[in-house]
Each structure stands twice: as structure tokens, then as C-alpha cells.
Amino acid sequence: MKTSIPILTLFILLLSCGEGQNESLDALISNGDLEQIRSKKLSLSEELKKLNEQVSTLDSVIAVLDADSRLPLVNTFEVNPQNFEHYLELQGNVATKQNVLIYPEMAGSLERVFVTEGDKVTKGQILGRIDDGGMASQLQQLKAQAALAETTYERQKRLWEQNIGSEIQYLQAKTSYEAITNNVEQVERQLGKSALRAPFSGIIDDVIKDQGTVVSPGPGSEVFRIVNLSNMYITVDVPETYVGSISEGTKAQVYFPVLGDSVQTKIRQAGNFINPNNRSFSVEIPVSNAKGRIKPNLSARVMINDYSNAYALLVPQSVISENAEGDQYVFIADNLDSEMKGTAKKRVVTTGKTQGRYVEILNGLQQGDLIIQEGRGV
């Protein structure tokens, strides 16, 4: 009350003076005397300066007498359990098990090429044909001989069943028929190698040999490259320290920086062998490729979920401090009253894994604690 009365009195005096000054100012302005107007302005400026000094003095006194004005203002947030997932980040490259080179199985001239680069083909489709060197004619002759041998064998069989003829004649006819039949099958298999077929459905990525080229089995004689982009996967090496937390079925996120796209997936296979050279094990992660934008050998950033806690206490890393002994701590607002006045208390905490800007608190905090995040005068 000691500070309220002088302020109220000053306000009334200023108000009454202001009303009188307004009347004198109107009269002064109506006279139009420039010198008097300038003089009045100078006088009012001096009075305004004095009033500002008095107001500043009063503010200083109020700050000293009012204990609440010395309390710092802070922002707090309440700690509550929430889901927390930590991801291990690794680098990997895209691969496909259906990316193969097609080699000839017999020597000869590449007689026909039926496909071009970019063509979609189905499993078993003929892609090219090699000159068989007259093997087709040889097969026709063998088939004619096989038909005659079959007729001879059937007749000898009927006669033998009627006890006509000798057993040796029957056995000779049977053996001759079986031998020629085997020859036909062998030549058919050999002739089938003259046709280059698609081992699976996919896309012709490259036609390596031109029509008319002489080819033969072995390295350097590949004719086509066929790729299937629907069954893509990524293989990454995971440090052995994560062998207990990463297994088949673990969630993973795959991000392709070049495409600016990501895929949600799961680990399809986790290796059972630790590589002694880099102390890691291999995991295989499938990726869907419905749009066909993902290509073999494309680089990818893989995020594997190695830890999850559905009831984690998370705080921003910015609110955690550390002392000279290495202890980490935060400040909490304690003993709050109805006017939200309380005490700041230091609380030592134990931190766990970090993801993004948040860190998990393992010990030192409990649900409902108010963490001091930032403030003025702290």
C-alpha cells in the first residue's frame, strides 16, 4: 500500500494537469504565435523528461518491494511414457537374384535374335537360336528309324507271346528299339540347346552378341543379360554387437537418396556366420519395386530397428547438462503451488539410447515430472 498511494496520486495530478494543458494548448494554437508555440513545446519536453525519470524510479522501487517480480519465468514440459524406437543406420547396395547372363550351350553361328533391349519376356521364351549344323535333319532320320524299330519290336513281341519265333529275335528287336529311342532323346536334348531361352520372366537388359556371330560355351560368349526388377533386396553387414537384437523379422527402413524415396520392410534373412575379417554378420532385406525405379547396385541407407520400448521416458538432448565428474542432470520444477510458483531442483539421470533430438532416460525421472526446458532469469 505504501507504493500504491503515490502512484495513484501522481496519476490524478497528471490527469488534471493534462485537462488544463489541453485548454491552454488550444488557445495557444488558435493565436498562431510561432515563438510561443516553440516555447511551450520546449517546456513540455522538459516536463516529460522529468516524468519519465520519476516513473523509472518508481519501477525500481516496485521491483525491490515485490518479491514475485524477482522470480524467473520458465517453460516446462511433463514427462510421460511414450513409444521409443532406436534404429541402427548402415549403408547397402541393391541387388537381385534374377540378374543373369545367358551363355550358349553349344557352338555355332547365332542364326537368329528374336528380342531387343528393353523387351519384356516370359520364362521359357526363345530369345535366340544357334545354327544346329544339320542336327535337325539327323533327328528326323533317327525318328524314322525309331518308328521302324518300334514296329519291328511290337511284331516280335506279339509273335513271342504266341510262342512263335526265337527269344533272341525278340530281345534283339527290343534292344534295337530302346537304343534308337535313347538316341532320339539325346539328339532332341542336344538340339534343344540351339535355342536360347529365358530362365525366368524379366526384361532384356542387354543384347551382347549380334546376329551372325559365332558363339561357343564358356566365358566371354554371353549373348543376353536378363533382369527381373520385381524381386530386389539389400545385403548389409551388421556389427556382431547387434547379434542379439537383430534377427529375421526385425523392422527396417530403406531410404534411396538418389530417388528421394523410402521403403518400409523387414529383415528376410539374418546370417549365422560372423565374418572374422570385419566382425560382422550379413542380413538380407527385401525391397518392393512396384514402380520399377529401383535398379541393381543402387546405393541405399538402411535403418534397422535394434531397440524398442513402448513406455520410454524421453527428453530433448538440449535439456541435459553434464558436470565435471561426468554426471548428467536436468532441472525439474518442484513444489508448485496454485499460482504455479515452485522450486527448481537438480536431478541426476542415467541416459540410454538416442534417436534424433531425443534421448531415453533410464533412471532419475518418473512419470509426471516437470522438466525445465528454457526460461528467463534461470
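Criteria and cut-off values
Residues numbered from 1 in each chain as written. Predicted model: local features only at pLDDT ≥ 70, side-chain atom pairs only at ≥ 80, totals over all residues. Heavy atoms only, no water. Pairing = 2+ DSSP bridges. Helix = DSSP H or I, 4+ residues; strand = E, 2+ residues; numbered from the N terminus. Core = buried A, V, L, I, M, F, W, Y, C linked by side-chain atoms within 4.5 Å. Buried < 20%, exposed > 50% of the residue type's maximum accessible area, 1.4 Å probe, protein only. Contact = heavy atoms within 4.5 Å. Phe/Tyr/Trp six-rings, centres within 6.5 Å; stacked < 30°, edge-to-face > 60°. Salt bridge = Lys/Arg side-chain N within 4 Å of Asp/Glu carboxyl O. Axes fitted to C-alpha atoms, helices over the stretch in contact; angles between N-to-C directions. Parallel < 35°, antiparallel > 145°, perpendicular 65-115°, else oblique. Left-handed = near helix turned anticlockwise from the far one by under 90°. Nonpolar A, V, L, I, M, F, W, Y, C, P; charged D, E, K, R; others polar.

Caption draft 1: Local environment of the sheet that holds strand S10 (residues 224-227). An order of S3-S10-S8-S5 is seen for the 4 strands of this open sheet, with the pairing classed as antiparallel. The strands lining the two open edges of the sheet, one partner per strand, are strand S3 (99-102) and strand S5 (120-121). Both S5 and strand S8 (residues 202-207) contribute to a ladder of 2 bridges, which runs antiparallel. Looking across to S8, one finds that Lys-120 is bridged to Ile-203.

Caption draft 2: Structural context of the nonpolar core. Judged by nonpolar contacts, the single largest core of 26 residues is most densely connected at Val-121, Leu-127, Ile-204, Phe-224 and Ile-226. For this core, the elements supplying multiple residues, two or more each, are strand S4 (108-113), strand S6 (126-130), helix H3 (135-161), helix H4 (167-192), S8 and S10. The leading source of residues in this core is H3, at 5 residues. If we skip the residues at most four places from it in the chain, Ile-226 touches Gln-98, Asn-99, Val-100, Ile-102, Val-121, Ala-198, Pro-199, Phe-200, Gly-202, Ile-203, Ile-204 and Asp-205. Ala-252, Val-263, Ala-270 and Ile-294 belong to the second largest nonpolar core, which has 25 residues in total.

Caption draft 3: Representation of the packing of aromatic side chains in the model. Scanning all chains against the criterion turns up 4 aromatic pairs. A centroid spacing of 6.1 Å and a plane angle of 65° characterise the contact between Phe-84 and Tyr-307, whose relative ring orientation is edge-to-face. Residue Phe-84 is found in strand S2 (residues 82-96), and its partner Tyr-307 is found in strand S16 (residues 299-316); the two are separated by 223 residues along the sequence. Look at Phe-84 and you get buried, because its relative accessible area is 4%. On the basis of relative accessibility, which here comes to 25%, the residue Tyr-307 falls in the partly exposed class. Here the aromatic cluster, defined as three or more aromatic residues joined through ring pairs, consists of Tyr-153, Tyr-170 and Tyr-177.

Caption draft 4: Broad picture of the environment of Gly-202. Tracing the backbone shows Gly-202 in strand S8. With a relative accessible area of 11%, Gly-202 lands in the buried category. For the pair Gly-202 and Asn-228, spaced 26 residues apart in sequence, the C-alpha to C-alpha distance is 4.3 Å. With residues near it in sequence (within four places) discarded, Gly-202 still touches Asp-119, Lys-120, Val-121, Ile-226, Val-227 and Asn-228.

Caption draft 5: Fine view of the pattern of salt bridges. Tallying each qualifying case throughout the model produces 9 salt bridges. Among the salt bridges present, the one from Glu-89 reaches Arg-301, with a minimum N-O distance of 3.2 Å. Remark: Arg-301 occurs in strand S16 and Glu-89 occurs in strand S2; sequence separation between them is 212 residues. The class for Arg-301 is partly exposed, based on a relative accessible area of 28%.

Caption draft 6: Summary view of the packing of H3 against H4. The interhelical angle for the contact between H3 and H4, taken along N-to-C directions, is 155°, at an axis separation of 8 Å. As judged from the angle between their axes, H3 and H4 are roughly antiparallel. Between H3 and H4 the crossing geometry is left-handed. Of the residues belonging to the contact of H3 with H4, the class tally is 15 nonpolar, 8 polar and 6 charged.

Caption draft 7: The sheet that holds strand S7 (residues 195-197), seen in detail. Strands sit in the order S7-S6-S4-S9 across an open sheet of 4 strands; the sheet is antiparallel. The sheet is open, and its two borders are formed by S7 and strand S9 (214-215), each paired with just one other strand. The pairing of S6 with S7 spans 3 bridges and is classified as antiparallel. What sits directly across from Arg-129, in S7, is Ala-195.

Caption draft 8: Layout of the pairing of S2. Here S2 runs beside S16; their pairing, made up of 11 bridges, is antiparallel. In the sheet register, Tyr-87 faces S16, and the bridge partner there is Asn-305. Bridge count between S2 and strand S11 (residues 232-239): 4 bridges; the pairing is antiparallel. Bridged to Thr-96 within S11 is Met-232.

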